[in-house]
Amino acid sequence: METLKKELEKLSEERLLSMIHLAHLPKHVAIIMDGNGRWAAQRHLPRIAGHREGILAVQEVVTAAREVGIEYLTLYAFSNENWNRPTMEVSQLMRLLGFYLKKELDSLMENKVRLVAIGQIDRLPKPVIRLLQTVEEKTRHNRGMTLVLALSYSGRADLINAVRRVVDAVQKKTILLKDLSEETFSDYLHTQAIPDPDLMIRTSGEIRISNFFLWQLAYTELYFTKTLWPDFRRKALLMALLDYQNRERRFGQVAPKKGVKPKVLHPENFHFRDQKRGV
Ligand code: FPP
């Protein structure tokens, strides 16, 4: 697989793009953006420089995902655990988030991207909450792609919150306990109206979930890359999508799910077609 990755790396972005099967795209791609600090350390720069460069990667990946035709892109931008970082870094990250929201609104509108924020949003600084509300409201009707920002998010907190809401609903007799199923429980999570991710990418070489989507990742294909987040650009996303398209998704069954065709991932086995794209 590593050799193949090296082979794919040699190809141009346009070639990689033409190798992607539009009919078998993951509907929802979720990303744990990791490695900003290491990217900065490698250059003897302060950590904030890594986060700043990380914003450029965010912009490029959002544009590329929209271009390819991904319907939902979730970025794990700030975890509940991240509140424990030095105060200075937390406030710098919050400022960067505010900067991103202000700067990107026009581009989100232009590309018909709807922004949705999930997590314990009320813990964020008031100006950031207001900006999030403005961007969510303005992009509400965009149908090109949904960009989900997981902010002050924790998978376990999401589950506990859902359990509390279910208990409340049962007490108020809005639902009957016997009617609680995997589907109905999902409705109480922050990701209520968002399909489970088909592909989860984590950058920087760490191979763990870090309290991200614990319920939602049950059948997700996981892709780990050593690339640090600031270096994860369009080409890296295309390579992750090609890797995904080589997987056989069985959902616990014997035969692959209908319509999901595994292929052998080798450049020679791909057909290069002129495909019509969304943008
Ligand atoms: C992990 O790198 C990254 C974060 C905790 C924050 C991610 C934030 C951004 C990319 C910028 C803001 C995001 C948006 C959506 C505007 P790390 O600091 O843990 O890196 P390290 O593990 O190398 O120290």
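Analysis parameters
- Residues numbered from 1 in each chain as written.
- Predicted model: local features only at pLDDT ≥ 70, side-chain atom pairs only at ≥ 80, totals over all residues.
- Heavy atoms only, no water.
- Helix = DSSP H or I, 4+ residues; strand = E, 2+ residues; numbered from the N terminus.
- Rg over C-alpha atoms; globule rule 2.2 N^0.38 Å.
- Buried < 20%, exposed > 50% of the residue type's maximum accessible area, 1.4 Å probe, protein only.
- Contact = heavy atoms within 4.5 Å.
- Lys, Arg positive; Asp, Glu negative; His and termini not counted.
- Charge placed at Lys NZ, Arg CZ, Asp CG, Glu CD.
- 1 Å grid on protein atoms, 1.4 Å probe; cavity = no way out; pocket = protein on both sides within 12 Å on 5 of 7 lines; lining within 4 Å.
- Points joined across faces, edges and corners; volume = space filled by probe spheres on them.
- Nonpolar A, V, L, I, M, F, W, Y, C, P; charged D, E, K, R; others polar.
- Expected span 1.5 Å × (residues − 1).
- Arc of directions from axis to C-beta.
- Core = buried A, V, L, I, M, F, W, Y, C linked by side-chain atoms within 4.5 Å.
- Pairing = 2+ DSSP bridges.
- Axes fitted to C-alpha atoms, helices over the stretch in contact; angles between N-to-C directions.

Peer 1: I'm lost on the overall build of the chain in this one. Help?
Peer 2: Regarding its fold elements, the chain presents nine helices and six strands. A globule of 279 residues ought to have a C-alpha radius of gyration of about 19 Å, and the chain, at 19 Å, matches this closely. Taken along its principal axes, the extent of the C-alpha atoms in the chain is 60 × 50 × 35 Å. Relative to its 279 residues, the chain shows a buried fraction of 50%. A separation of at least 24 residues holds for 77% of the contacts in the chain among residues at least 6 apart in sequence. The centroid of the 44 positive side-chain charges in the chain is displaced by 2 Å from the centroid of its 33 negative side-chain charges.

Peer 1: What should I look at first to understand the layout of surface pockets in this one?
Peer 2: Gaps between atoms show up when a probe of the same size as a water molecule is rolled over them. Quantified by volume, the largest pocket comes out at close to 620 Å³. In terms of lining, the largest pocket is formed by 29 residues, of which the most central are Met33, Asn36, Tyr76, Ala77 and Phe78. At the level of secondary structure, the elements contributing two or more residues to the lining of the largest pocket comprise helix H3 (36-42), helix H4 (47-68), strand S2 (72-79), helix H5 (87-110) and strand S4 (145-153). Residues of the lining of the largest pocket, tallied by class, amount to 15 nonpolar, eight polar and six charged.

Peer 1: Help me out: how do you make sense of helix H6 (residues 126-139) in this one?
Peer 2: Along an α-helix, a turn takes 3.6 residues, which lines up residues three or four apart on a common side. End to end, H6 covers 20 Å across 14 residues, agreeing with the expected 20 Å (1.5 Å per residue, within 8%). Every buried residue of H6 is accounted for by Val128, Ile129, Leu131, Leu132, Val135 and Thr139. Taken down its axis, H6 places every buried residue within 165° of arc, on the same side. In this structure, H6 carries Lys126 and Arg130 as exposed residues pointing more than 90 degrees from its buried face. Next to the buried residues of H6 lie H5, strand S3 (113-118) and S4.

Peer 1: Would you take a moment to explain the nonpolar core for this structure?
Peer 2: Where a protein is soluble and globular, its nonpolar side chains tend to be buried together. Membership of the largest hydrophobic core comes to 60 residues, with the highest contact counts inside it found for Leu73 and Leu147. Dropping the residues within four chain positions of it, Leu147 is found in contact with Val62, Leu73, Leu75, Tyr100, Leu108, Val113, Arg114, Leu115 and Val116.

Peer 1: When you look at unusual backbone geometry in this model, what are you seeing that I'm missing?
Peer 2: Residues apart from glycine generally show negative phi values, whereas peptide bonds are mostly found in trans. With a phi angle near 60°, Lys173 is a residue other than glycine that sits in the positive phi range. Inspection of the secondary structure puts Lys173 in the loop between helix H7 (155-171) and helix H8 (182-186). You will see that Asn211, though not glycine, has its phi angle at about 60°, which is positive. Mapped onto the fold, Asn211 is located in the loop between strand S5 (199-202) and strand S6 (221-224).

Peer 1: How should I be thinking about the sheet that holds strand S1 (residues 28-32) in this particular structure?
Peer 2: Through backbone hydrogen bonds, the strands of a sheet pair up, either in parallel or in antiparallel fashion. One open sheet accounts for six strands, arranged S3-S4-S2-S1-S5-S6; its pairing is parallel. Single-partner strands in this sheet number two, and they are S3 and S6. Each adjacent strand pair in this sheet contributes to an overall mean axis angle of 20°, direction not counted. With five bridges joining them, S1 and S2 adopt parallel strand pairing.

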